[in-house]
Amino acid sequence: MKNAHLTIAQSTLSARGPKLLRVVRHAALVMGGAALLAATAACTTTTQRVSETQPVMRNSTPSSMSELRIADTALDSGNLELATTLYDKVLKADPQSVEALTGLGNTLYAVGDFTRAGVYYDHASKIDPAATAPLIGLGRVAIHQRRFDAAIATYQRVLAVTPNDPIALAGLGAAFDLTGDHLGAQAVLRDALNKNPGDPMLSVNLGLSLILSGNPREGANVLLDVTRYPAAPPQARQDLALAYGLLGNKEAAAEILGRDLPKASVQDNLRFYEIQRERLESQPGTAKVAVVPSAAVQAASLR
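Residues numbered from 1 in each chain as written. Predicted model: local features only at pLDDT ≥ 70, side-chain atom pairs only at ≥ 80, totals over all residues. Heavy atoms only, no water.

What about the nonpolar core?
Argument step 1. Counting 36 residues, the largest nonpolar core has I143, L172 and L202 as the members making the most contacts within it.
Argument step 2. Elements with a minimum of two residues in this core: α4 (98–110), α5 (114–127), α6 (132–144), α7 (148–161), α8 (166–178), α9 (182–195) and α10 (200–212).
Argument step 3. Here the element with the most residues in this core is α8; it accounts for 9 residues.
Argument step 4. Grouped together as the second largest cluster of nonpolar side chains are 20 residues, L208, A252, L257 and L261 included. (Core = buried A, V, L, I, M, F, W, Y, C linked by side-chain atoms within 4.5 Å. Buried < 20%, exposed > 50% of the residue type's maximum accessible area, 1.4 Å probe, protein only. Helix = DSSP H or I, 4+ residues; strand = E, 2+ residues; numbered from the N terminus.)

Things to note about the packing of aromatic side chains
Argument step 1. Scanning the entire structure with this criterion turns up 2 aromatic pairs.
Argument step 2. When the ring of Y109 is compared with that of F114, the centres are 5.3 Å apart and the planes differ by 65°; the resulting orientation is edge-to-face. (Phe/Tyr/Trp six-rings, centres within 6.5 Å; stacked < 30°, edge-to-face > 60°.)

Observations regarding the environment of Y155
Argument step 1. Looking at the element boundaries, Y155 is found in helix α7.
Argument step 2. A relative accessible area of 0% means that Y155 is categorised as buried.
Argument step 3. Separated by 16 residues in sequence, Y155 and G139 place their C-alpha atoms 6.1 Å apart.

Some thoughts on helix α3 (residues 80–93)
Argument step 1. Relative to the 20 Å expected for 14 residues at 1.5 Å per residue, α3 spans 20 Å between its end C-alpha atoms, a close match to the ideal helical length.
Argument step 2. For α3, the complete set of buried residues consists of A83, L86, Y87, V90 and L91. Down the axis, α3 shows its buried residues gathered within 135° of arc, on one side only. Structural note: α3 exposes E81, K92 and A93 on the side pointing more than 90 degrees away from its buried face. (Expected span 1.5 Å × (residues − 1). Arc of directions from axis to C-beta.)

Examining unusual backbone geometry
Argument step 1. Despite not being glycine, R146 has its phi angle at roughly 65°, a positive value.
Argument step 2. Tracing the backbone shows R146 in the loop between α6 and α7.

Structural notes on α8
Argument step 1. For α8, which comprises 13 residues, the first-to-last C-alpha distance of 18 Å matches the rise-based estimate of 18 Å (1.5 Å per residue) to within 8%.
Argument step 2. A large share of α8 lies buried, amounting to 12 of its 13 residues.
Argument step 3. Taken together, the buried positions of α8 are I167, A168, L169, A170, G171, L172, G173, A174, A175, F176, D177 and L178.
Argument step 4. On the buried face of α8, the contacting elements are α6, α7, α9 and α10.
Argument step 5. The opening residue of α8 is D165, an N-cap whose side-chain oxygen sits 2.9 Å from the backbone nitrogen of I167.
Argument step 6. Once α8 ends, the next one or two residues include G180, with phi positive near 95°. (Contact = heavy atoms within 4.5 Å. Polar contact = N/O pair within 3.5 Å; in protein donor to acceptor, adjacent residues only side chain to side chain.)

A word on the pattern of salt bridges
Opposite charge on two side chains permits pairing when their charged atoms draw close.
Argument step 1. In this structure the tally under the stated criterion is 9 salt bridges.
Argument step 2. With its nearest N and O atoms 3.3 Å apart, the salt bridge here joins D113 to R116.
Argument step 3. Here D122 and K126 are joined by a salt bridge, their closest N and O atoms 3.1 Å apart. With a gap of 4 residues between them, D122 and K126 both fall in helix α5, about one helical turn apart.
Argument step 4. Looking at D122, the relative accessible area reads 29%, which means it is partly exposed.
Argument step 5. For K126, a relative accessible area of 63% puts it in the exposed group. (Salt bridge = Lys/Arg side-chain N within 4 Å of Asp/Glu carboxyl O.)

Structural notes on the confidence of the model for the chain
Argument step 1. Within the chain, residue pLDDT values average 79, and 73% of them lie at 70 or more.
Argument step 2. With pLDDT under 50 throughout, residues 286–291 is counted as low confidence; its partners more than four residues away or in other chains account for 20 contacts. (pLDDT = per-residue confidence, 0-100.)

Written as structure tokens, this is what we have:
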């Protein structure tokens, strides 16, 4: 699973500055999204397709089916120009193609043009209200645009059709985190993991949610289960480094960050962790909520 990965989501971080973006950059919970957020929670976005390839419409020709498969592959591999060309070609032949409209939305999402991506997702969803791929796209766009209530409603629409969809569950958890409802997010994500055991996206978003709610040790334990696998997504390592940084283990955080980031960025992140740790320690009582700024949502997963 590629993440371009929540946490979750390169839009709302811009105002926070490049250093913070590097801290949480992976992609992106939806959703693992779910990774992840934009105000004070957990989620990262990704630049890959919103979901797996959907069945092509019954009126699709063999040629358009083949072109859609090639376009999906091109998008997953980062060849946005080819993907756009092929989706455009299919759409010209069939202006009602939900797959082509969603694909074009995905290519725009991948380059950060969330407003135009939302237009394509919305058009596709109006053609086929039961199609989940454009709805998941709309949910991710809503999170980037800080319309968290809209994101929650959209993911719930997906779950009404596919109750155990891990992408929608990760996005829903991320949206709850962004509203500050960390306990609600964690309840969603834990239940989702019971239904989708071992899903890395859901685990990443749960781990980050725990960190954001002031429980870095518990978040680290969740993330350790993900990062022990060689194919673990980068945001899992970045979130684990954040947890170690908040716990004061700078050496472990630096070692983990060094796997994906240059030395200068590692030092930037360590300074950020130290600032957040000082904030945590300065809060009275034991309930330390929203320790990390919302931008950390980028390290969760919306996919």
